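Structural characterization, general
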Amino acid sequence: MPADVYTASVLGARIRHYRSLAKLTLDDLAALLETSPSRISLIENGRREPKPSELPSFARALGVTVEDLVRAEAPNSRAALELELKRAQASPLFAGLGLPKLRGGKGMPDDTLETLVGLHRELERRAQTASATPEEARIRNTQQRAWMRERNNSLPEIEAVAEERLRQVGHVAGALTHREVHLMVEQLGLEIVYADDLPRSTRSITDLENGRIYLPPESIPGGHGLRSIALQAVAHRILGHTPPDSYADFLRQRLEINYFAAACLIPRTQAVDFLSARKKDRDLAVEDFRDAFGVTHEAAALRMTNLMTEHLGMRVHFLRVGSVGEVYKAYENDDLPLPLDVTGAVEGQIVCRRWGARRATEIEHRTTEFWQYTDTPAGTFWSTIQTGKSAEGVFSITFGVPFDDAKYFRGRDTENRQVSRCPDETCCRRPDPALAARWAGRAWPSARLHAQILASLPAGRFPGVDDSEIYAYLERHAP
């Protein structure tokens, strides 16, 4: 039901309520206002609205004030249920059911009305549930990756918003401090509260009613984690997000809050100046960029994909790859031949064994970045790879460019070079014929399922989040 129609319905309900209290019939009120009973009936049913100039006359006839008539809430609980039923039956959701509408008039018992309204609430809750199957998740991720590729992975509108927020807290140069993040939060009328009992499905919770952002206490010692989580939490509000109505909308919001946090932690102007100077000196390095802004290696590499093409004219690629070669994240606009499934998705696909993303994880006792040239069917690419370890195991972070741009990077003189013919299966996927003959029919491997990549998200208004757990948490911690 449109807002203006709902407002008219509330006004009509309040007029009917006060007419009943005054023990006036439709004819009585019509006579006092010198109008027809049918018009009064239309007004009370929300199908017609009195002119603003008529409201004082209505108020005098009913013995109330104009303020009593125009309040936004229903006059009583019964009227509230009737209005909610009317609103629900005017929705596209109900229209799609093809069912007749029911009038919640005075002839309908209270318990029947409550049951009907409860059913509509449950219908709406289920309709708002955002759940993504693995297929949908892969398709939407692919669409978003293509959309960002068209934009060189750059969102200038969010860059501008981030720079304005930084200006407001007085940030000039260097790494964004925790104090500056707190100031940004405070400017929105919020405060950060550290809690050691956050629901497992969340990184943070924002209590808009009481102006609090709950963060995990393990972030307190410092570093990239606390600042990033806090910035992502406030980004929803700064960017005007509302609860997502689709999985694609959820992904877009997640992309935007991550981008906003990155643009605050690594401001565009400072970052482009830094990268331009290093390019001029032919000394570009992800690790130096990382250290200059006090962020993780992955955050620095991702931020370089936002800036290098748009501001330095260099096409790039980025990968986060797991211990057995499975892709967690990927971006390219330099034509690196990423492994794709039939839907065009890259998540969960296995990269070539010859790529540096996999070879770097096989090297022990390495104290610096690993560099490699890789000859592929699409050309030769240079890449710099750093490894790490998480709860899921060893992973690698790759940032790379086509051969012609390697001259700007530290590590360009590496002698590491591989030839990859993937997706040709003879490259690294087809077994040695002798071994195949030896073991065919004599081995039965049990595959590891990458559930974090392939599983659907749990149902909930916010994908991956348990609504009941969140609301119960807020109720327990509200001041």
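In this report, the structure presented in the accompanying data block is examined.

Procedures and definitions
Residues numbered from 1 in each chain as written. Predicted model: local features only at pLDDT ≥ 70, side-chain atom pairs only at ≥ 80, totals over all residues. Heavy atoms only, no water. Core = buried A, V, L, I, M, F, W, Y, C linked by side-chain atoms within 4.5 Å. Buried < 20%, exposed > 50% of the residue type's maximum accessible area, 1.4 Å probe, protein only. Contact = heavy atoms within 4.5 Å. Helix = DSSP H or I, 4+ residues; strand = E, 2+ residues; numbered from the N terminus. Salt bridge = Lys/Arg side-chain N within 4 Å of Asp/Glu carboxyl O. Patch = residues over 30% accessible without salt bridge, like charges linked within 9 Å, V, L, I, M, F, W, Y side chains within 5 Å. Areas by Shrake-Rupley, 256 points an atom, 1.4 Å probe, with all protein chains shown as cover. Lys, Arg positive; Asp, Glu negative; His and termini not counted. Charge placed at Lys NZ, Arg CZ, Asp CG, Glu CD. Axes fitted to C-alpha atoms, helices over the stretch in contact; angles between N-to-C directions. Left-handed = near helix turned anticlockwise from the far one by under 90°. Nonpolar A, V, L, I, M, F, W, Y, C, P; charged D, E, K, R; others polar. Pairing = 2+ DSSP bridges.

This paragraph deals with the nonpolar core. Among the nonpolar cores identified, the biggest contains 60 residues, and Phe 260, Phe 289, Met 308, Phe 399 and Phe 409 are the most heavily contacted of them. Apart from residues no more than four positions distant in its own chain, Phe 399 is found in contact with Val 286, Ala 301, Met 304, Thr 305, Met 308, Val 316, His 317, Trp 382, Ser 383, Thr 384 and Phe 409.

Turning our attention to unusual backbone geometry. Following Cys 422, the chain continues into Pro 423 via a peptide bond in cis, with omega recorded as 15 degrees. Checked against the element boundaries, Pro 423 lands in the loop between β9 (417–419) and α18 (433–439). Phi at Glu 34 is positive, roughly 55 degrees, even though this residue is not glycine. Note on placement: Glu 34 falls in the loop between α2 (26–33) and α3 (37–44). Positive phi, normally seen in glycine, also occurs at Asn 152, with a value near 55 degrees. Looking at the element boundaries, Asn 152 is found in the loop between α9 (134–150) and α10 (156–168).

For the structure on display, the rule yields 28 salt bridges. Measuring nitrogen to oxygen at the nearest pair gives 3.4 Å for the salt bridge that ties Arg 151 to Glu 150. What makes Arg 151 partly exposed here is its relative accessible area of 32%. Glu 150 sits in the exposed class, given a relative accessible area of 63%. Because the salt bridges share partners, they merge into one network encompassing Arg 278, Asp 283, Glu 287, Asp 288 and Arg 410.

Taken together, the side chains of Arg 353, Arg 354, Arg 421 and Arg 429 define a basic patch exposed on the protein surface. Within the secondary structure, Arg 354 is located in the loop between β5 (327–332) and α17 (356–359).

Attention now goes to the environment of Pro 52. For Pro 52, the position within the fold is in the loop between α3 and α4 (55–62). According to the relative accessible area criterion, Pro 52 is exposed, its value standing at 68%.

Time to look at the packing of helix α14 (residues 268–280) against helix α15 (residues 286–293). At a minimum axis distance of 11 Å, the contact between α14 and α15 shows a crossing angle of 145 degrees. Judged by the twist between their axes, the crossing of α14 over α15 is right-handed. Together, Gln 270, Ala 271, Phe 274, Leu 275 and Arg 278 of α14 and Asp 288, Phe 289, Ala 292 and Phe 293 of α15 make up the contact between the two elements. In terms of residue class, the contact of α14 with α15 is built from six nonpolar, one polar and two charged.

Let's shift gears to the pairing of β5. Examined bridge by bridge, strand β4 (residues 317–322) and β5 share five bridges and lie antiparallel to one another. Bridging across to β5, Val 321 finds its partner in Val 327. A loop of four residues connects β4 with β5, the two strands running antiparallel in sequence, and Gly 325 in this loop sits at a positive phi of about 95 degrees.

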